Amino acid sequence: MNMAEPIRVLVTGAAGQIAYSLLFSIAKGDVFGRDQPISLLLLDIAPMLPVLEGVVMELQDCALPLLREVIPTDKEEVAFKDLDAAILVGSMPRREGMERKDLLKANVAIFKCQGAALDKYAKKNVKVLVVGNPANTNCLIAAMSAPSIPKENFSCLTRLDHNRARAQVAMRCGVPATHVKNVIIWGNHSSTQYPDVHHCKVNKGGSDLACFDAVKDDEWLKGEFISTVQLRGAAVIKARKLSSAMSAAKAICDHMRDIWSGTLEGEYISMGVFSSGNPYGIPENLVYSFPVQIKDKSWKIVDGLAINDFSRQKMDATASELIEERDTAVDFLSA
Ligand code: NAX
């Protein structure tokens with residue numbers, strides 16, 4: 001059998017807890033296809049290299065047929081070389097007492113460097129997924145720092161929020177999550193995000209119902225459902241004393257697999273993409289989460305969805321937060 005050439009996939013923050021759940025799925029073919037060999041590049045900071053060595057040993061010990069090579073490094077010129085896909089998970093975590101602005105400043109510095117490294121070393125058709133928080137603004141900075149790579153190749157993760165919304169509706173209706181489609185996450189991956197079910201369909205008893213008809217509890221859908229999804233990350237931290245990792249890794253796989261292989265017919269998913277030219281009046285030059293469909297490795301924002309006043313107000317509020325984040329980040333960039 002003729003096997004394809006290996007593709008080169010980078011995961012940053014590779015010694016961290018999300019990567020620990022993520023790398024196995026990627027290496028065994030869940031994301032890029034079951035007949036696609038992979039060279040894995042693993043970037044972390046120098047003090048984490050001994051830990052990364054352990055991750056490499058475990059990947060080797062999985063004895064996976066598609067995994068051709070694993071390269072751990074703390075050097076950007078090694079990590080970013082000739083990449084087909086980059087999953088940027090590593091970032092500066094928020095420490096106790098740290099101001100939001102200081103966190104943003106530290107991450108602007110990281111994503112500026114990594115954007116420049118993509119520009120210099122990666123393939124020009126590389127697909128870049130930013131996970132590290134603040135994900136939308138980090139993604140914007142990375143894209144701005146990589147002028148030779150099309151902006152459409154950059155996206156940020158809001159698929160975890162999307163999956164959370166889908167699961168909440170499914171549990172409420174007593175159906176599997178796969179029977180719920182077309183929830184939307186609008187805006188920032190933060191507590192201002194707007195989980196919207198106005199266009200969501202629930203397959204109940206063999207037929208597709210509008211979400212509001214399936215759930216039959218408008219008050220819940222317009223209140224507790226939204227806040228549950230918005231605050232789910234904090235709820236997981238409170239319970240686990242660690243942030244979401246298994247579910248984040250699953251969402252990363254969903255996101256990248258859809259970029260690689262396309263979305264299902266008649267379904268859309270949520271991801272943070274450049275807002276330029278969007279049909280919903282969201283200001284330009286933001287990385288904002290929209291409903292998208294993907295075909296031939298290109299995404300398109302789903303057009304023509306009716307937006308009521310309730311939704312409009314929430315979509316604008318999360319856009320305002322992103323504008324503020326962007327403007328602060330750009331100030332740091334030019335300082
Ligand atoms: P961990 O702290 O377990 O791991 C992060 C790893 O990144 C560490 O090993 C660290 O050394 C490394 N790192 C730091 N700076 C780096 C740099 N400049 N280059 C390469 N590696 C670097 O965090 P983890 O739980 O894995 O979370 C990673 C990031 O994902 C965090 O920013 C987190 O906030 C974010 N998340 C984003 C989500 C999203 O939906 N967009 C959801 C999950 C998660 O909260």
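Structure: above.
One structure accompanies this document, and this report is about it. (Residues numbered from 1 in each chain as written. Predicted model: local features only at pLDDT ≥ 70, side-chain atom pairs only at ≥ 80, totals over all residues. Heavy atoms only, no water.)

A look at empty space enclosed by the protein
- Taken as a whole and assessed by the stated rule, the structure comprises four cavities of 30 Å³ or more.
- Lining the largest cavity are Lys127, Glu152, Asn153, Phe154, Ser155, Ile259, Met271, Ile294, Lys297, Ser298 and Trp299.
- Counting residues per element, the ones that place at least two in the lining of the largest cavity are strand S6 (154-156) and strand S14 (298-301). (1 Å grid on protein atoms, 1.4 Å probe; cavity = no way out; pocket = protein on both sides within 12 Å on 5 of 7 lines; lining within 4 Å. Points joined across faces, edges and corners; volume = space filled by probe spheres on them. Helix = DSSP H or I, 4+ residues; strand = E, 2+ residues; numbered from the N terminus.)

Some remarks on the packing of helix H4 (residues 100-121) against helix H12 (residues 309-334)
- Their axes nearest at 9 Å, the elements H4 and H12 cross at an angle of 60°. Seen from above, H4 lies across H12 with right-handed handedness. Mapping the contact onto sequence places Arg100, Lys101, Leu104, Lys105, Val108 and Lys112 in H4 and Glu321, Glu325, Thr328, Ala329, Phe332 and Leu333 in H12.
- Class assignment of the residues belonging to the contact of H4 with H12 gives a composition of five nonpolar, one polar and six charged. (Axes fitted to C-alpha atoms, helices over the stretch in contact; angles between N-to-C directions. Left-handed = near helix turned anticlockwise from the far one by under 90°. Contact = heavy atoms within 4.5 Å. Nonpolar A, V, L, I, M, F, W, Y, C, P; charged D, E, K, R; others polar.)

Quick word on the pairing of S14
- In this structure, strand S13 (residues 287-295) lies alongside S14, joined through four bridges in antiparallel fashion. Paired with isoleucine 294 across the two strands is tryptophan 299, which belongs to S14. (Pairing = 2+ DSSP bridges.)

Focus on the environment of methionine 144
- Structurally, methionine 144 can be placed in helix H5 (residues 135-144).
- Residue class for methionine 144 comes out partly exposed when judged on its relative accessible area of 38%.
- In this structure, the C-alpha to C-alpha distance between methionine 144 and valine 330, residues 186 residues apart in sequence, is 9.9 Å.
- With residues near it in sequence (within four places) discarded, methionine 144 still touches Val330 and Leu333. (Buried < 20%, exposed > 50% of the residue type's maximum accessible area, 1.4 Å probe, protein only.)

Here we look at the nonpolar core
- If you look at the biggest cluster of nonpolar residues, it comprises 79 residues, and the most contacted ones within it are Val11, Ile26, Phe32, Leu40, Leu42 and Ile87.
- Each residue touching isoleucine 26, except ones within four places of it in the same chain, is listed here: Val9, Val11, Val31, Phe32, Ile38, Leu40 and Ile87.
- Ile71, Val130, Cys139 and Ala143 belong to the second-largest nonpolar core, a separate cluster that totals 32 residues. (Core = buried A, V, L, I, M, F, W, Y, C linked by side-chain atoms within 4.5 Å.)

What about H4?
- With 22 residues, H4 should cover 32 Å at 1.5 Å per step; its first-to-last C-alpha distance of 31 Å lies within 8% of that length.
- If you check which residues of H4 are buried, you get Leu103, Leu104, Ala106, Asn107, Val108, Phe111, Gln114, Gly115, Ala117 and Leu118. (Expected span 1.5 Å × (residues − 1).)

Description of the sheet that holds strand S11 (residues 207-210)
- Reading across the sheet, the three strands line up as S7-S10-S11 and stay open at both edges, with antiparallel pairing between neighbours. For this open sheet the edge positions go to strand S7 (180-181) and S11, each flanked by a neighbour on one side alone.
- Sheet topology places S7 next to strand S10 (residues 201-204); two bridges connect them, and they run antiparallel. Among the inter-strand pairings, lysine 181 is bridged to a residue of S10, identified as lysine 201.

Things to note about the side chain of asparagine 136
- By the element assignment, asparagine 136 lies in helix H5.
- In this structure asparagine 136 comes out as buried when scored by relative accessible area, which is 1%.
- Among residues more than four places away in sequence, those in contact with asparagine 136 are Cys156, Gly187, Asn188, His189, Val287, Tyr288, Ser289 and Leu322.

Digging into the packing of aromatic side chains
- Applying the stated criterion across every chain yields a total of six aromatic pairs.
- Seen in terms of ring centroids, tryptophan 186 and phenylalanine 290 are 6.2 Å apart; in terms of plane orientation they differ by 80°. Their pairing is edge-to-face. In this pair, tryptophan 186 is assigned in strand S8 (residues 184-186) and phenylalanine 290 in strand S13, connecting sequence segments 104 residues apart. Accessibility assignment for this pair places tryptophan 186 and phenylalanine 290 in one class, buried.
- Aromatic pair tyrosine 288 and phenylalanine 290: ring centres 4.9 Å apart, planes at 45°, arrangement tilted. (Phe/Tyr/Trp six-rings, centres within 6.5 Å; stacked < 30°, edge-to-face > 60°.)

Some points on the site of the ligand
- Near the ligand you find 24 residues, and of these Gln17, Ile18, Asp44, Ser91 and Asn133 are the closest.
- Between the ligand and glycine 13, the relevant distance is 3.4 Å, taken from a nitrogen atom to a main-chain nitrogen or oxygen of the residue.
- The contact in question runs from a nitrogen atom of the ligand to an N or O atom on the backbone of valine 131, over 3.2 Å.
- When the ligand sits alone it has 880 Å² of accessible area, and the protein chains cover 82% of it.
- Counting only elements with at least two residues in the shell around the ligand, the list comes to helix H1 (17-27) and H4.
- Residue composition of the shell around the ligand, grouped by class: twelve nonpolar, eleven polar and one charged. (Near = heavy atom within 4 Å. Polar contact = N/O pair within 3.5 Å; in protein donor to acceptor, adjacent residues only side chain to side chain. Areas by Shrake-Rupley, 256 points an atom, 1.4 Å probe, with all protein chains shown as cover.)

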